[in-house]
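# Structure assessment
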Amino acid sequence: MKPALLVIDMQNDYLYEKRKPKFSYDTPALTAAVNKLIHKYHDDGCDVIYIRHIIQNLPTNRLLFGFSIAGTEGAELYGGLDIVSDYCFDKLLGDALTNKELLAMIQQKGYEALHICGLDECGCVTSTALGAAKRGFRAEIIRSGTVSVFPEKKIAKARAKLEKAGVTFIDVT
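The structure contained in this document is the topic of the report that follows. Bear in mind the structure is a predicted one, so any value in this text is a computation, not a measurement.

## Digging into the overall build of the chain
The helix and strand inventory of the chain stands at six helices and six strands. Going from N to C terminus, the chain has its helices and strands arranged as β-α-α-β-α-β-α-β-α-β-α-β. Taken over C-alpha atoms, the radius of gyration comes to 15 Å for the chain, in line with the 16 Å a tight globule of 173 residues would show. Projected onto the principal axes, the alpha-carbon positions of the chain cover approximately 45 × 35 × 30 Å. Here the chain holds 173 residues, and 50% of them are scored as buried. Counting contacts in the chain only where the partners sit at least 6 residues apart, residues at least 24 apart contribute 79% of the total. As displayed, the chain offers around 8700 Å² of accessible surface, 55% of which is attributable to carbon and sulfur atoms. Once the 22 positive and 21 negative side-chain charges of the chain are each reduced to a mean point, those two points are 7 Å apart.

Rendered as C-alpha cells:
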C-alpha cells in the first residue's frame, strides 16, 4: 500500500493577506512547495487528505483566538491551494487523528505511512505526527512542505520529541 499525504491547516487565516501578523509564513513559497507535493502524490496514485483546524464559533473563541473560527472565510482552505480530492476533514484539536472519521478511514485504507506537510511544524504538524506514532502508524514529516513561525529553540525541542517518538523527516522531490 502507498502512503497518504496529509495537508495540515493550509487555511486562509494563516496564509491570506488578511491574516494576523503573527502568522508570518512565506505564503507563495509554502503554497508552491505544498502544491508540488499534492500533485506528486496524486500523480503517484496516493490519497491526498486535507485537514482544517476549526475552532467553535463562540464569542469567547472569537475574542480569544480570532482565527479558524467555524463558518468564517478564514477557516476555509487557502484559495491558492490545489485541491485534488474530496478528502477534507475538520479537527478541533492539534492532532488530526482525533477526528474519528479520519482515523477510521486511515485504519480502513491501511496506508503504509502518513506523510505530513503544512502548518505549523511546532503545532498541528507535530501533534498529528505524534498522534499517528502513538496509534502505531508510521509518520513522516516532509521538510519542503512544512514551516514554522516559532523560534529555532522551540523547533529543536519539537524535533527532539518527534525523534524520540519515531517520527522522521523526509525529503520528497
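Right, picking up where we left off after that structure.
## Observations concerning the nonpolar core
In this structure, Leu5, Val7 and Tyr41 are the most contacted members of the largest nonpolar core, which totals 27 residues. Among the elements that take part in this core, helix α2 (residues 27-43) stands out by supplying five residues, more than any other. Ignoring any residue separated from it by four or fewer positions in sequence, one finds Leu5 in contact with Leu37, Ile38, Tyr41, Asp47, Val48, Ile49, His115, Cys117 and Ile142. Counting 24 residues, the second largest nonpolar core, distinct from the first, contains Leu102, Met105, Ala132 and Leu162.

## What about the environment of Leu97?
Take Leu97: it is sitting in the loop between β3 (88-91) and α4 (100-109). The class of Leu97 is buried, set by a relative accessible area of 1%. Remark: the alpha-carbon pair of Leu97 and Ala132, spanning 35 residues in sequence, is separated by 7.0 Å. With residues near it in sequence (within four places) discarded, Leu97 still touches Leu102, Leu103, Ile106, Leu114, Thr128, Gly131, Ala132, Arg135 and Phe137.

## Side note on the sheet that holds strand β6 (residues 168-170)
Strand order in the open sheet formed by six strands is β3-β2-β1-β4-β5-β6, with parallel pairing between adjacent strands. Edge strands, defined here as strands with exactly one partner in the open sheet, are β3 and β6. Geometrically, the sheet is characterised by an average inter-axis angle of 30° between neighbouring strands, direction not taken into account. Relative to β6, strand β5 (residues 139-146) is paired through three bridges, and the arrangement is parallel. Bridging across to β6, Ile142 finds its partner in Ile170. Packing of α2 onto the sheet brings it into contact with β1 (4-8), β2 (48-53), β4 (114-118), β5 and β6, and relative to β5 it is tilted by some 130°.

## Focus on the packing of helix α5 (residues 121-134) against helix α6 (residues 152-164)
Their axes nearest at 11 Å, the elements α5 and α6 cross at an angle of 5°. Judged on the interaxial angle alone, α6 and α5 are roughly parallel. Here Glu121, Cys122, Thr126, Ala129 and Leu130 of α5 lie close against α6, whose contacting residues are Lys154, Ile155, Ala158, Arg159, Lys161 and Leu162.

## Topic: the environment of Ser68
Of note, Ser68 is situated in the loop between α3 (59-64) and β3. Between the C-alpha atom of Ser68 and that of Gln11, which follows or precedes it by 57 residues, the distance is 7.8 Å. Ignoring anything within four residues of it in the chain, the contact list for Ser68 reads Gln11, Asp13, Tyr14, His53, Ile54, Ile55 and Ala75. A distance of 2.5 Å separates the side chain of Ser68 from the side chain of Tyr14, its partner in a polar contact.

## Topic: the pairing of β3
Of the two faces of β3, only the one carrying Phe89 and Lys91 is buried; Cys88 and Asp90 on the other face are not. Sheet analysis places β2 next to β3, joined by four bridges and oriented parallel. Residue pairing for β3: Tyr50 is matched across the bridge by Cys88.

Rules behind the numbers
Per chain, residue numbering runs from 1 following the sequence as it is written. Thresholds applied to this predicted model are a pLDDT of at least 70 for local features of residues and 80 or more for the giving and counting of side-chain atom pairs; totals over whole chains, interfaces and linings are not thresholded and use all residues. For side-chain calculations, the full set of non-hydrogen atoms in the structure is used, while hydrogens and water are omitted. Strands here mean DSSP runs of E at least two residues long; helices mean DSSP runs of H or I at least four residues long; both are numbered from the N terminus. The size measure is the radius of gyration over C-alpha atoms, and the globule rule it meets is 2.2 Å times the number of residues to the 0.38 power. Working definition: with a 1.4 Å probe on protein chains only, accessible area under 20% of the residue-type maximum means buried, over 50% means exposed, and in between means partly exposed. Whether two residues are in contact is decided by their heavy atoms, any of which lying within 4.5 Å being enough. Working definition of accessibility: Shrake-Rupley area with a 1.4 Å probe, residue cover restricted to the visible protein chains. Positive charges come from Lys and Arg, negative ones from Asp and Glu, while His and the chain ends are left out of the count. One atom stands in for each charge, and that atom is NZ of Lys, CZ of Arg, CG of Asp or CD of Glu. In this description, a nonpolar core means a group of buried Ala, Val, Leu, Ile, Met, Phe, Trp, Tyr and Cys residues linked to one another through side-chain atoms lying within 4.5 Å. Being paired, for any two strands, means DSSP has found at least two bridges between them. Every axis in this analysis is a line fitted to C-alpha atoms, fitted for helices over the stretch in contact. Angles between the N-to-C directions lie between 0 and 180 degrees. Note on angle classes: values under 35 degrees are labelled roughly parallel, values over 145 roughly antiparallel, values of 65 to 115 roughly perpendicular, and the remainder oblique. Two N or O atoms count as a polar contact when they lie within 3.5 Å, although within protein this holds only if one can serve as hydrogen donor and the other as acceptor, and sequence-adjacent residues are included solely when both atoms are side-chain atoms.

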